[in-house]
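An overview of the molecular structure
Given next are the chains, with one letter for each unit.
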Amino acid sequence: MPSRHKTLRSGTVQPYAYQRQALTEPDWRRYPGWATITRDQWESAQWQRAHCIKTIPQLRAVLGTTVTDAFYDDLATDQANHATMSMLIPPQMINTMSPDTPPTDDTLRNDPIRRYMLPIATDRHPDFPSHPYATRDSLHEHDMWVAEGLTHRYPTKVLAELLPTCPQYCGHCTRMDLVGNNTPTVTKLKLAAKPADRHTAMLDYLRTHPGVRDVVVSGGDVANLPWHQLETFLMSLLGIDTIRDIRLATKALAGLPQHWLQPTVVEGLERVARTAARRGVNLAIHTHVNHAQSLTPLVAKAAHTALEVGVRDVRNQGVLLRGVNATAEDLLDLCFGLQGEAGILPYYFYMCDMIPNAEHWRVAVWQAQQLQHDIMGYLPGYATPRIVCDVPFVGKRWVHMVTEYDRERGISYWTKNYRTSIEDDETQLDRTYPYYDPIDTLPQTGADWWRKEEHTA
C-alpha cells in the first residue's frame, strides 16, 4: 500500500497527508448470519431494529464460526463484571466492524468500532478499571434537574432527556446512570412520570424561564421516540418565543440512518424545519460518530436529506477514546470524511467522562492538548473540531483553558464564569474545580501516590 505521507521538495514528509476516501457500504453478506439479506431489507428501519444484537447467542449467529469461543468468553466476562451498558447494536453498526473481511478474533479485538460498542474484559485496565473519583452521574446532570429529565446546567441552555433509551448502547455512555437496561453491575435510575407529563413539565418550565434560549432535545436518543410525540414536543418548543436554538441529539443518524430516511420521519422533519425557519429558530441535528469506519453512503444520505428538508446544520459530537480515535490521523480521517463526504460538520470531541470502568478509554488532558495541536491547519477553520474537557460543575472547556495542572498526579484545575441551577454561592466563581487524568498515563511517582490515595478517595 502506498505511503499516506506526502514527500516535500526538501525530502521531508508531512505529518499527515490527505487522501480523499469515497464512502462505501460494507457488504453485510460477508457475515454468515446475513448472507441472504437483500438491500431492501438492509435499508428498512424496521428490519434493522428487529435484528439488533442484544445477546451473545445472537452475535454468534451473525458472526459465524470464524470467531472463536475465546472472544465470546471475553465478552461474557465483561458483560458480567464490568459493563455499564447492556448490549444493543443495530446491524448497521455491526457491519462497520471488520469492514473489509469476515470477522475473526484478531480483526474484532483490534477494531475501533468494536472497542466502544462491544467492550470485552481484556480491554479494561487491569489495575485501575475505574478512577477512584469516577461516578455514575459524573456530570451531576440528575442533580441539576429542574423537572424530571430537564437539566438546567448552563445559564441559557438546557438538556431535555425525553426518554431513557437509544437504538444502540455505546459502552462509554456518559448517561449510563439513566440510559438503557440494568446490567449485572449497574441498576439504572428510572424515570417516574409518564412521558406526556414529563414533556409538559419541561415545557412549563421553559415558558416561565425566558433566560433559556437553547434546548438540546436528547435522551437516550430522539430516534427512539415515536415521531408524532417528538414532533408534538418540537412544535410546542417552537411556540415559545424565547427559544432560539433547538438541537436534536441522535446517534441513530450514524448507527441507524435507515430511521432518518423513513418517509414519515423525513416529511415530519421538513414540517418542523419549515416552522423553525419561519420563526427564526436555528434547528440542528447533533450526531455521534467516533471513527471514519462508521461513515457510509447511507449515513451521508441521511445527513444530506436532513439538510435538504431545511435543517440548518448536521454536526458531530464525538468522544475522544483510546484505541478508537485518539491519534491525529484517526481524527483527521474522520473529520475529512464527515465534512467532505457526509455533509456533517465536525464540532466537538469530548474527553471521555469519568464514569466507572472507563479508564482504558480516557486520555490525559495533556494528550488531548497535543491532539488539538496536531489537527490544526489541515481542515477548514469552520470544520476544525474543538477538543473539550467536560469538567464536573464547570461544563465544557477547551483543553487549553486549564488554569493549573499537576502533571505528576494528573490533576488539572479549571475555572468557570457562571453558576449552575443548584449553585448560589458567590465564591463558586472564584474557586477552581479539579479533573483527573487516567492513572496509567502518569509517571511512576504519580501512580504510586494514587495507589496510596485510592483507599481514602
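Let us look at the structure shown here. (Residues numbered from 1 in each chain as written. Predicted model: local features only at pLDDT ≥ 70, side-chain atom pairs only at ≥ 80, totals over all residues. Heavy atoms only, no water.)

1. Quick word on the overall build of the protein
When helices and strands are counted, the protein shows 16 helices and 13 strands. Taking 457 residues into account, the globule formula puts the C-alpha radius of gyration at 23 Å, and the protein, at 22 Å, falls close to it. Overall size of the protein, expressed as C-alpha extent along the three principal axes, is 60 × 60 × 55 Å. Here the protein holds 457 residues, and 55% of them are scored as buried. Of all intrachain contacts in the protein linking residues separated by at least 6 positions in sequence, the fraction that spans at least 24 positions is 74%. Working note: accessible area of the protein is about 19200 Å², and carbon and sulfur atoms make up 51% of it. (Helix = DSSP H or I, 4+ residues; strand = E, 2+ residues; numbered from the N terminus. Rg over C-alpha atoms; globule rule 2.2 N^0.38 Å. Buried < 20%, exposed > 50% of the residue type's maximum accessible area, 1.4 Å probe, protein only. Contact = heavy atoms within 4.5 Å. Areas by Shrake-Rupley, 256 points an atom, 1.4 Å probe, with all protein chains shown as cover.)

2. Considering helix 12 (residues 263-278)
Helix length check: helix 12 (16 residues) gives 22 Å between terminal C-alpha atoms against 22 Å at 1.5 Å per residue, within 8%. Every buried residue of helix 12 is accounted for by Val265, Val266, Gly268, Leu269, Val272, Ala273, Thr275 and Ala276. If you follow the buried residues of helix 12, they end up packed against helix 9 (227-238), strand 5 (245-249), helix 11 (257-260), strand 6 (282-287) and helix 13 (297-308). With its phi angle positive at about 70°, Gly280 sits one or two positions after the end of helix 12. (Expected span 1.5 Å × (residues − 1).)

3. Focus on the sheet that holds strand 11 (residues 404-406)
Strand order in the open sheet formed by three strands is 11-12-13, with antiparallel pairing between adjacent strands. Looking at strand neighbours, the two that pair on one side only are strand 11 and strand 13 (433-436), the edges of this open sheet. Adjacent strand axes in the sheet meet at a mean angle of 20° when their direction is disregarded. Bridge analysis of strand 12 (residues 411-414) against strand 13 gives four bridges, and the strand direction is antiparallel. Each residue of the ladder has a partner; that of Ile411, found in strand 13, is Tyr436. (Pairing = 2+ DSSP bridges. Axes fitted to C-alpha atoms, helices over the stretch in contact; angles between N-to-C directions.)

4. With respect to unusual backbone geometry
Of note, the bond from Gly219 into Gly220 is cis; its omega dihedral lies within 30 degrees of zero at 20°. Turning to its location among the elements, Gly220 is positioned in the loop between strand 4 (214-218) and helix 9. A positive phi angle is found at His140, which is not glycine, with a value near 60°. Checked against the element boundaries, His140 lands in the loop between helix 7 (112-117) and strand 1 (145-147). Notably, Phe393 is not glycine yet its phi reads approximately 70°, a positive angle.

5. A word on the nonpolar core
In terms of nonpolar packing, the biggest core is built from 85 residues, with Leu162, Val217, Leu237, Ile246, Leu248, Trp260 and Leu269 touching the most fellow members. The element contributing the most residues to this core is helix 14 (residues 328-342), with seven residues. Once you skip the residues sitting within four places of it in the chain, Val217 turns out to touch Ala160, Leu162, Val222, Leu230, Phe233, Leu234, Leu237, Ile246, Arg247, Leu248 and Ala249. With 44 residues, the next largest nonpolar core counts Leu108, Tyr116, Cys166 and Cys173 among its residues. (Core = buried A, V, L, I, M, F, W, Y, C linked by side-chain atoms within 4.5 Å.)

6. Section: the environment of Leu162
Its location among the elements puts Leu162 in the loop between strand 3 (157-161) and helix 8 (195-207). Exposure remark for Leu162: the relative accessible area of 1% places this residue in the buried category. Residues Leu162 and Phe233 lie 71 residues apart in sequence; the distance between their C-alpha atoms is 9.3 Å. Not counting chain neighbours up to four residues away, the residues in contact with Leu162 comprise Arg198, His199, Met202, Val217, Ser218, Gly219, Leu225, Leu230 and Phe233.

7. Looking at the environment of Ala196
Here Ala196 shows up in helix 8. A sequence separation of 33 residues divides Ala196 from Gln229, and the C-alpha atoms of the two residues are 8.6 Å apart.

All quantities given are derived from atomic positions and should not be read as evidence of function.
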